[in-house]
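Geometric and topological summary
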Amino acid sequence: MAFIFTSSFATHAIAETPKTYVKIEKPADGTFVINSTEASLSELTATGNLDPKVEWSKNAKQALTKAANEYITEKKYKFIALDISDTDDSDALQIVKLNDAVTDSIQLNSFPMAKLPTKTDFDWTIGEGAQKLVPDDLKSENGQKYALFITTKGSYSSGGRKALLVTAMLVGGSIPMGGQDVRASLVDLKDGKVVWYKYDVVSFGTDIRTEEGAKAEIEKLFKELPF
């Protein structure tokens, strides 16, 4: 996405990475950034099975949220973490699902053969319902408000899988190994417009389950963030 990559790696290999196409003015100090981070990580076993790892996912989610928080607050904006997995707010859950569907479309549209002929500009929205993500105690605040969605998926190879790779290489072969990707979108909560989107394959050796690795990934991912 010879090695067999996951679909996310394949996307990265043949597609143009979407960039910021909606030009926005630098937000004023004090802007609120409401963040939703989700992670789904598995262990790729020696037999090629994917074993979901709840603890790994939790660690990556916490580390990426912390790194995003530090990055945003350094820019003088107010970071608010929104844990969708712990909420029973059906509206918030639906907005996150809608954002997933829209960013799927953005990524698909980056393929030359799949590009929508009507999409000549970067013009995507999750609708004005996105305003429901604004906490009640912030609705009276006059500052600008954005939602920052971060999603990571992928796998890490088990010790047995790594040993199998070494054995395969000794006879001139190879086997698929694990990998992770991260994507992020920034939504203006005033009207639900997606103003920025980024897809990235995590660099080899960067462990997003750790604070150090998550910080490196966020700095790489946010390099073109229009803040």
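Residues numbered from 1 in each chain as written. Predicted model: local features only at pLDDT ≥ 70, side-chain atom pairs only at ≥ 80, totals over all residues. Heavy atoms only, no water.

Overview of the overall build of the chain
To keep things clear, this is the line we draw: Secondary structure elements are defined from DSSP: runs of H or I of at least 4 residues count as helices, runs of E of at least 2 residues count as strands, and each element is numbered from the N terminus. Accessibility here uses a 1.4 Å probe with only protein chains present; expressed as a share of the type maximum, an area under 20% marks a residue as buried, one over 50% as exposed, and anything in between as partly exposed. Only the protein chains shown count as cover for residues, with accessible areas throughout obtained via the Shrake-Rupley method and a probe of 1.4 Å.
Broken down by element type, the chain carries five helices and six strands. Seen in sequence order, the chain has helices and strands lined up from the N terminus as α-β-β-α-β-α-β-α-β-β-α. By residue count, 45% of the 227 residues in the chain fall in the buried class. Summed over its atoms, the accessible surface of the chain is roughly 12300 Å², and 54% of this surface lies on carbon and sulfur atoms.

Quick notes on helix α3 (residues 90-108)
Selection criterion: Each helix should span, by expectation, one fewer than its residue count multiplied by 1.5 Å. This arc describes the spread of directions from the helix axis toward the C-beta atoms.
Over its 19 residues, α3 extends 27 Å from the first C-alpha to the last, a length consistent with the 27 Å expected when each residue adds 1.5 Å. Every buried residue of α3 is listed here: A92, I95, V96, N99, V102, T103, I106 and Q107. Seen along its axis, α3 keeps its buried residues to an arc of 140°; they face one direction.

A look at the environment of A60
What counts here: In this analysis, two residues are considered to be in contact whenever any of their non-hydrogen atoms come within 4.5 Å of each other.
For A60, the position within the fold is in helix α2 (residues 54-74). Placed 21 residues apart in sequence, A60 and A39 show a C-alpha to C-alpha distance of 6.4 Å. Setting aside residues up to four positions removed in sequence, A60 forms contacts with A39, L41, I208 and R209.

Regarding the packing of α2 against helix α5 (residues 211-221)
Filter applied, for reference: Axes here refer to lines fitted to C-alpha atoms; in helices the fit is confined to the stretch in contact. Angles between the N-to-C directions go from 0 to 180 degrees. Throughout, the term roughly parallel applies to angles under 35 degrees, roughly antiparallel to angles over 145, roughly perpendicular to angles from 65 to 115, and oblique to all others. Crossing chirality is assigned from the near helix's rotation relative to the far helix, an anticlockwise turn below a right angle marking it left-handed and a clockwise turn marking it right-handed. Each residue gets one label: Ala, Val, Leu, Ile, Met, Phe, Trp, Tyr, Cys and Pro are nonpolar, Asp, Glu, Lys and Arg are charged, and the others, such as Gly, are polar.
Where α2 contacts α5, the two axes come as close as 8 Å, and the packing angle between them is 50°. Accordingly, the angle class assigned to the pair α2 and α5 is oblique. Considering the relative orientation of α2 and α5, their crossing is right-handed. Contact residues: A63, L64, K66, A67, A68 and Y71 in α2; E211, A214, K215 and I218 in α5. Classifying every residue of the contact of α2 with α5 gives seven nonpolar, no polar and three charged.

Brief notes about unusual backbone geometry
With a phi close to 75°, K76 is a non-glycine residue in the positive phi region. Among the secondary structure elements, K76 is positioned in the loop between α2 and β3 (78-81). On the basis of relative accessible area, K76 is assigned to the exposed category, the value being 55%.

What about the packing of aromatic side chains?
We apply this condition: In summary, the pairing rule links any two rings of Phe, Tyr or Trp, Trp by its six-membered ring, whose centres are within 6.5 Å, and it sorts them by plane angle into stacked for under 30 degrees, edge-to-face for over 60 and tilted for everything else. By the criterion adopted, a ring carries a charge over it if an Arg CZ or a Lys NZ lies within 6 Å of its centre and within 35 degrees of its normal.
If you walk through the whole model with that rule in mind, you get five aromatic pairs. Between W56 and Y156, the aromatic rings sit 5.9 Å apart at their centres with planes inclined by 85°, giving edge-to-face as the arrangement. One end of the pair, W56, is in helix α2; the other, Y156, is in strand β4 (residues 145-157), and 100 residues separate them in sequence. This pair shows no difference in class: W56 is buried, exactly as Y156 is. Judged by centre distance (5.4 Å) and plane angle (70°), the ring pair of Y146 and F227 falls under edge-to-face. Of this pair, Y146 sits in strand β4 while F227 sits in the segment after α5, placing them 81 residues apart in sequence. A single burial state applies to Y146 and to F227, both of which are buried. Site record: aromatic cluster; members linked through ring pairs are Y71, W196 and F222. Positioned above the aromatic ring of W56, the side-chain terminus of R209 is 4.5 Å from the ring centre. Sitting over the ring of Y156, R209 keeps its end group 3.7 Å from the ring centre.

In short, shape yes, function no, at least from these values alone.
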